[in-house]
Amino acid sequence: MIKVEDPKGGDLARENSPYVGRDGITVERKHDDDVSISHLTRARGKLGVSLNLKSPEAKEVFLDLVRTADIVVENFTAGTADRLGVGYEAAKAANPRIIYCSLSGFGATAPEGGKAMDIIIQALSGAMYASGGPGEPPVRIGIPIADMLAPVFSVIGILSALEQRHRTGVGQHIDVSMLGALTSFVAIENWSAMAAAGMQARTGLTVQRLSPFGVFECADGYVAVVAVHEKLAQGLFRAMGQPELSDDPRFANRDSRVANAVVLEETINGWSRELAVDAVVAALEAQGVPVAPVRHPEDALIDPRVVSPPRSCAGRASELWVAGRSAHRRHPDRLFGCRHRVRRCHPDPGRRT
C-alpha cells in the first residue's frame, strides 16, 4: 500500500495532538521528529511518496503508479481529482483494470468544494440526536464514527468490484460518501414510526422500546443489561430478589414492560445503585442474564480477547511506542488461512519517493 501525500507537511493527521517522541507523550510538538500518535496508528503498514499533484510531472508519476496498481482510493472533495487530472477517467485510460474508489464527505456528484469532517457528518446525519435524553443537547459520538464507517463501505465496494473484475477483466469507479454511510446506520431505526406510536426516540442510557435494555447505575460505576424476553426478564427479577415482579401486570410480558419502561427502569436502578458493579454482574450472570461492566477505553483496550501477541517494528522511539502499545489490537476479522502482520511503521512524508 502506497500513501500519496502533499510534500508540504503531508497528511493533516500528522498535526493531531498528542505527540510522542524523545520527551515521551506531549500535548504540543516539542521537536521536529515528534510524531502524532493518531497518525502512527493510521499510517502504519504503508509505504509513502510525496507528490505535488498540481505539477504536470507529478501527474505522470501518479499515472505511472496506477499502471501497476489494483486499486486507487482518493479522499478529495468532489471534483478535485478530476481537476488535477488524476480522477477516474485518467486512471482508467492508464489502466482499464483499475478499481478507483472516491471517498468524500457528500459523494462524487455533490457540488464541488463541499468539505466534511467527522463532526460535520455526525451533525448532518441525525446521529447526534439519536443519543441522549429528551430535551438534552445533541450528543457527539465519542469516536470519529463517520471517518471510520465510510472506509468500511469503501472496502465492501472495492471487494465487490474486484469480484466483478475477476469475471469481466474491467475495473470500475466506486463512489462512497461519509454522509451516506452514517445516515444509512441512523436509518436502521424507524424514527417516523416511533413518533407515530408516541414513543420517545431519545431515551438516554436505555432503549425503552426493548425494556429492560440499557445501562444502569451501580454504587461504583455502571452496567449494561439486556433482559428483553421472558426468560431473561424473570432472571433479572430473581437476581434483584424480587421474583414477584414477573406477576406484576406492568411487567408481566414484553409489551407491558415496554409500556411501563420508565417505572421498570427506576425499579432496576433502585436495586443496582445499592450494589457494586461486581456484585450486580455476579448476580445477573448467575441467572443467565446478559450483563457487562461499562469500561473505560484504557481498560477495554487491554482485554486479552482483543490484544495481539507482541510484534517487533524496528525504528525510532515513536515507532517502537506505537508498535508496543497503541497498535497491538487484534484485527477483528481473523483469517485462519493466513496471518495479519504489520510489516512497517508509519512513513515520513516521501520516505520512499
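Residues numbered from 1 in each chain as written. Predicted model: local features only at pLDDT ≥ 70, side-chain atom pairs only at ≥ 80, totals over all residues. Heavy atoms only, no water.

**Student:** Requested: an account of the overall build of the protein chain, with residues and values cited.
**Tutor:** Within the protein chain, the secondary structure is distributed over 14 helices and eleven strands. The buried share of the protein chain, taken over its 353 residues, is 36%. For the protein chain, long-range pairs separated by at least 24 residues make up 65% of all intrachain contacts whose partners lie at least 6 apart in sequence. For the protein chain, the computed accessible surface area is about 20300 Å², with 57% contributed by carbon and sulfur atoms. (Helix = DSSP H or I, 4+ residues; strand = E, 2+ residues; numbered from the N terminus. Buried < 20%, exposed > 50% of the residue type's maximum accessible area, 1.4 Å probe, protein only. Contact = heavy atoms within 4.5 Å. Areas by Shrake-Rupley, 256 points an atom, 1.4 Å probe, with all protein chains shown as cover.)

**Student:** Please set out helix 11 (residues 261-272) residue by residue, giving values where relevant.
**Tutor:** In a regular helix each residue adds 1.5 Å, so twelve residues correspond to 16 Å; helix 11 covers 16 Å between its end C-alpha atoms and thus fits that length. Taken as a whole, helix 11 has its buried residues at Ala261, Leu264, Glu265, Ile268, Asn269, Trp271 and Ser272. Relative to the axis of helix 11, the buried residues are bounded by an arc of 160 degrees and lie together on one face. Looking at the packing, one finds that the buried side of helix 11 touches strand 9 (213-218), helix 9 (230-239), helix 10 (254-259) and helix 12 (277-286). (Expected span 1.5 Å × (residues − 1). Arc of directions from axis to C-beta.)

**Student:** How would you sum up the sheet that holds strand 6 (residues 71-74)? Please name residues and give values.
**Tutor:** Here we have three strands laid out as an open sheet, ordered 6-7-8, and parallel in their pairing. Two strands lie at the open edges of the sheet, namely strand 6 and strand 8 (173-177), each paired on one side alone. Looking at each pair of strands side by side, their axes are set apart by 15 degrees on average, direction ignored. Sheet topology note: the strand 6/strand 7 (residues 99-104) ladder contains four bridges and is parallel. Paired with Ile71 across the bridge in strand 7 is Ile99. Each of strand 6, strand 7 and strand 8 is contacted by helix 6 (residues 145-168), which is oriented at about 165 degrees to strand 7, the strand it contacts most. Relative to strand 8, helix 7 (residues 178-186) is tilted by about 60 degrees, and along the sheet it contacts strand 7 and strand 8. (Pairing = 2+ DSSP bridges. Axes fitted to C-alpha atoms, helices over the stretch in contact; angles between N-to-C directions.)

**Student:** Help me get a handle on the packing of aromatic side chains, residues and values and all.
**Tutor:** Tallying each qualifying case throughout the model produces three aromatic pairs. Relative to Phe251, the ring of Phe237 has its centre 6.4 Å away and its plane inclined at 45 degrees; by these criteria the two rings are tilted. Of the two residues, Phe237 is situated in helix 9 and Phe251 in the loop between helix 9 and helix 10; the sequence distance between them amounts to 14 residues. The same class applies to Phe237 as to Phe251, namely buried. (Phe/Tyr/Trp six-rings, centres within 6.5 Å; stacked < 30°, edge-to-face > 60°.)

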